[in-house]
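# Structure at a glance
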Amino acid sequence: MKLKKRLLFYRVVEDFLSNRINEEDALALLKGDTELQEAFKQYIALKKSYSRFQSRARPSPGLPEKIMRQIQAQPVVVERAPLFLKVYAAALTAVLCILIPAAIFLSLHHQPKTSPDVVYVKFVLHRPGARSVSIVGDFNDWNPSATPMEDLDGDGTWVAVVPLKKGRYNYAFVVNNSLWIPDPLATDYVKDGFGNVNSVLKLSYEKQGAF
Amino acid sequence: MSIDEKNTEATELEEKDDDFVVEKVKQGDKEAFGVLVMRYHREIFAFVRALVRNQHTAEDLVQETFLKAFAHIHTYRKGNFRQWLYKIARNCTIDFVRSWNSKHTDSIEEHASIPDTRTGTDPHQLLADSELVAVFEEALGTLPPALQEAFVLKHILEMNYTEMKKITGVPVALLKVRVHRSRKRLAEHLKHFLNSFREKAL
């Protein structure tokens, strides 16, 4: 089929299938060309078949009621925007009230809070370009997937806060799940007997700077 | 509230636009959701029915669509509820077809029941409506899903390309190509079928 003929043909098909012209008009436009008229008959059959489909594809009359019965069984989720906001705001305030002082306090690297049982120790490692960093130590059975560190703002400073009880802990960082390195900011180091060096953290609840 | 008052309220709601009704639903009015179900279940059904070619599965998917819409109504932002609903229906259908295909080695066409009443038919008698529909569904089932979807949205649901783009996320130019291809292939398929039908009948 020549290009001009083809373009005419598909325009007629388009108009016919999109209900802009009817069968007679379409055939009239293709008049004088039996090849095109013959080819067009396929499209008449196509339109007929899908129009039948259109008119026959009907859901069961009871479908809306069936849906609504299920909807009725669903829990009501009422959105009360102001209340929602209040709840969020309250939760956020509470979290900030705890986190901000904690962050200020803990930002002085490794200095444990003088609380009776558990203190939250913030570990920091500057390692730009690392895909992942986690911390391993006596407190998590040296399991590299137990305590992943996070670099939320992507500045290369990886952070993890670990709740610890009083005591002495050996630990190390695991970079990209393979490289074990000591903490450059640790106050003490110890050989692990396998050729590596671990960092040491001593936690006591006496005066800060006790270690 | 008396039953009459309730009915009046429901009738009033039927005249409101989608976003107004959705607001009611968001405020906890489950009945209001019924207005949306009534408004859209037929076309959503036609959409899904064409793609899965089975009445029961299509009804299940329509149900799933509306249940999901209800459960996530708070995530709907004012704009076009109908399109939002179509997107949900589309996702439900895609999930269904995927899991169906992974469970069944035979393709989804097997799912459609095509009555074969061709033998012994009077050659001059036209195909009965139900047969013609079955032939169309069979033909549609032979197309790749992307072509099926383009054809169904364009010709069964008579949408324009802008709407189609919003629902599928596929660019208009590509949709046009798909619609064109789907028509061509469907027409070919129908021609073959009708020819073989005539031969058989003769």
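Residues numbered from 1 in each chain as written. Chains lettered and ligands numbered in written order. Predicted model: local features only at pLDDT ≥ 70, side-chain atom pairs only at ≥ 80, totals over all residues. Heavy atoms only, no water.

### Remarks on the overall build of chain A
For clarity, the cut-off: To qualify as a helix, a DSSP run of H or I must reach at least 4 residues; to qualify as a strand, a run of E must reach at least 2; elements of each kind are numbered from the N terminus. In this scheme, a residue with accessible area under 20% of its type's maximum is buried, one over 50% is exposed, and one in between is partly exposed, where area comes from a 1.4 Å probe on protein chains only. By the convention used here, residues are in contact when the closest approach between their heavy atoms is within 4.5 Å. The accessible surface values rely on the Shrake-Rupley method and a 1.4 Å probe; as for residues, cover is taken only from the protein chains in view.
Helices and strands together make up the secondary structure of chain A, namely 5 helices and 7 strands. Listing each helix as α and each strand as β along chain A from the N terminus yields α-α-α-α-α-β-β-β-β-β-β-β. Within the span of chain A, comprising 211 residues, buried residues form 33% of the whole. Across chain A, contacts joining residues at least 24 apart in sequence account for 62% of those joining residues at least 6 apart. Of the roughly 13000 Å² of accessible surface on chain A, a fraction of 58% belongs to carbon and sulfur atoms.

### A look at the overall build of chain B
Check the secondary structure of chain B and you find 9 helices and 0 strands. Helices and strands appear in chain B in the N-to-C order α-α-α-α-α-α-α-α-α. The burial tally for chain B puts 50% of its 202 residues in the buried class. Taking contacts inside chain B between residues at least 6 apart in sequence as the whole, the part at least 24 apart equals 61%. Looking at chain B as shown, the accessible area adds up to about 10200 Å², and 50% of this sits on carbon and sulfur atoms.

### What to know about the environment of Ala-134 of chain B
Residue and element names in this part refer to chain B. Within the secondary structure, Ala-134 sits in helix α6 (residues 129-141). Judged by relative accessible area, Ala-134 falls into the buried class, the value being 6%. Taking the C-alpha atoms as reference points, Ala-134 and Arg-53, separated by 81 residues in sequence, lie 9.2 Å from one another.

### Here we look at the interface of chain A and chain B
Quick reminder of the rule: Each reported salt bridge corresponds to a side-chain nitrogen of Lys or Arg within 4 Å of a carboxyl oxygen of Asp or Glu. Two N or O atoms count as a polar contact when they lie within 3.5 Å, although within protein this holds only if one can serve as hydrogen donor and the other as acceptor, and sequence-adjacent residues are included solely when both atoms are side-chain atoms. Throughout, the ten residues Ala, Val, Leu, Ile, Met, Phe, Trp, Tyr, Cys and Pro are labelled nonpolar, Asp, Glu, Lys and Arg are labelled charged, and all others, Gly among them, are labelled polar.
Taken together, the contact between chain A and chain B spans 36 residues of the former and 44 residues of the latter. Counting every contact that joins chain A to chain B gives 1 salt bridge. Put simply, chain A and chain B have 12 residue pairs in polar contact (both at pLDDT 80 or more) between them. For the side of chain A that touches chain B, the secondary structure elements donating two or more residues are α1 (3-17), α3 (34-56) and α4 (63-73) of chain A. Ranked by residue count, the leading element in the side of chain A that touches chain B is α3 of chain A, at 11 residues. Split into classes, the residues belonging to the side of chain A that touches chain B amount to 20 nonpolar, 9 polar and 7 charged.

### Structural notes on the packing of helix α3 (residues 30-52) of chain B against helix α5 (residues 81-103) of chain B
Residue and element names in this part refer to chain B. Rules: Axis definition: a line fit to C-alpha positions, over the contact stretch in the case of helices; interaxial angles, taken between N-to-C directions, run 0 to 180 degrees. Helix crossings get a hand from a simple test, with the near helix turned counterclockwise from the far one by less than a right angle marking a left-handed crossing and a clockwise turn marking a right-handed one.
At their nearest, the axes of α3 and α5 sit 10 Å apart, and the two run at 35 degrees to each other. Helix-helix and strand crossings are classified by hand; for α3 and α5 the assignment is right-handed. Contacts between α3 and α5 involve Leu-36, Tyr-40, Glu-43, Ile-44, Phe-47, Val-48, Leu-51 and Val-52 on the former and, on the latter, Phe-81, Arg-82, Leu-85, Tyr-86, Ala-89, Arg-90, Thr-93, Phe-96 and Val-97. A breakdown of the residues in the contact of α3 with α5 according to their chemical character gives 13 nonpolar, 1 polar and 3 charged.

### Describing the environment of Ala-50 of chain B
Take Ala-50 of chain B: it is sitting in helix α3. You can call Ala-50 of chain B buried: its relative accessible area is 0%. For the pair formed by Ala-50 of chain B and Gly-141 of chain B, sequence separation is 91 residues and the distance between their alpha carbons is 9.0 Å. Setting aside its immediate chain neighbours within four residues, Ala-50 of chain B contacts Phe-53 of chain A together with Leu-140 and Val-152 of chain B.

### Here we look at α3 of chain B
Residue and element names in this part refer to chain B. For the record, the criterion: In this analysis the local bend is the angle between axes fitted, respectively, to the seven residues ending at and the seven residues starting at the residue.
Its axis deflected by about 45 degrees at Tyr-40, α3 carries its strongest bend there. For α3, the N-terminal cap is Asp-29; the gap from its side-chain oxygen to the backbone nitrogen of Glu-31 is 3.1 Å. Downstream of α3 by a residue or two, Arg-53 has a phi angle that is positive, lying close to 55 degrees.

### What to know about α6 of chain B
Residues and elements named next belong to chain B. For the record, the criterion: Multiplying 1.5 Å by the helix residue count minus one yields the expected span of that helix.
In a regular helix each residue adds 1.5 Å, so 13 residues correspond to 18 Å; α6 covers 18 Å between its end C-alpha atoms and thus fits that length. With 10 of 13 residues buried, α6 is to be regarded as a mostly interior element. What α6 keeps buried is the set Glu-131, Leu-132, Val-133, Ala-134, Val-135, Phe-136, Glu-137, Ala-139, Leu-140 and Gly-141.

### Regarding unusual backbone geometry
In the Ramachandran plot, Trp-142 of chain A falls in the positive-phi region, its phi being about 55 degrees despite a non-glycine side chain. One can find Trp-142 of chain A in the loop between β2 (133-137) and β3 (157-165). Its identity is not glycine, yet Glu-158 of chain B carries a phi of approximately 50 degrees, on the positive side. Position of Glu-158 of chain B relative to the elements: it lies in the loop between α7 (145-156) and α8 (161-168).

### Remarks on the nonpolar core
Stated precisely, the cut-off is as follows: Residue types Ala, Val, Leu, Ile, Met, Phe, Trp, Tyr and Cys, when buried and joined through side-chain atoms within 4.5 Å, form a set referred to as a nonpolar core.
Core analysis: the largest hydrophobic core is formed by 85 residues, its most contacted members being Phe-40 of chain A together with Phe-33 of chain B. In terms of residues, this core owes the most to one element, α3 of chain B, which gives 14 residues. When neighbours within four sequence positions are excluded, Phe-33 of chain B is seen to be in contact with Met-68 and Ile-71 of chain A together with Val-25, Phe-66, Ala-69, Phe-70 and Ile-73 of chain B. Counting residues in hydrophobic clusters, the runner-up holds 20 residues, among them Met-149, Tyr-171, Val-175 and Ile-181 of chain A.

### Details of the environment of Phe-66 of chain B
Considering the arrangement of structural elements, one finds Phe-66 of chain B in helix α4 (residues 55-71). For the pair Phe-66 of chain B and Ile-88 of chain B, spaced 22 residues apart in sequence, the C-alpha to C-alpha distance is 8.4 Å. Setting aside residues no more than four positions away along its own chain, Phe-66 of chain B makes contact with Ile-67 and Ile-71 of chain A together with Phe-33, Leu-36, Val-37, Tyr-40, His-41 and Leu-85 of chain B.

### Observations concerning the side chain of Ser-134 of chain A
All names here are of chain A. Examined against the element boundaries, Ser-134 turns out to sit in strand β2. In terms of polar contacts, Ser-134 uses its side chain to reach the backbone carbonyl oxygen of Pro-144, at 2.7 Å. When near neighbours in sequence (up to four residues on either side) are disregarded, Ser-134 contacts Pro-144, Thr-147, Pro-148, Met-149, Ala-172, Phe-173 and Val-174.

### Concerning the side chain of Glu-149 of chain B
Residue and element names in this part refer to chain B. Tracing the chain through its elements places Glu-149 in helix α7. The class of Glu-149 is buried, set by a relative accessible area of 10%. Leaving out residues up to four positions away in the same chain, Glu-149 has contacts with Phe-47, Leu-51, Arg-90 and Thr-168.

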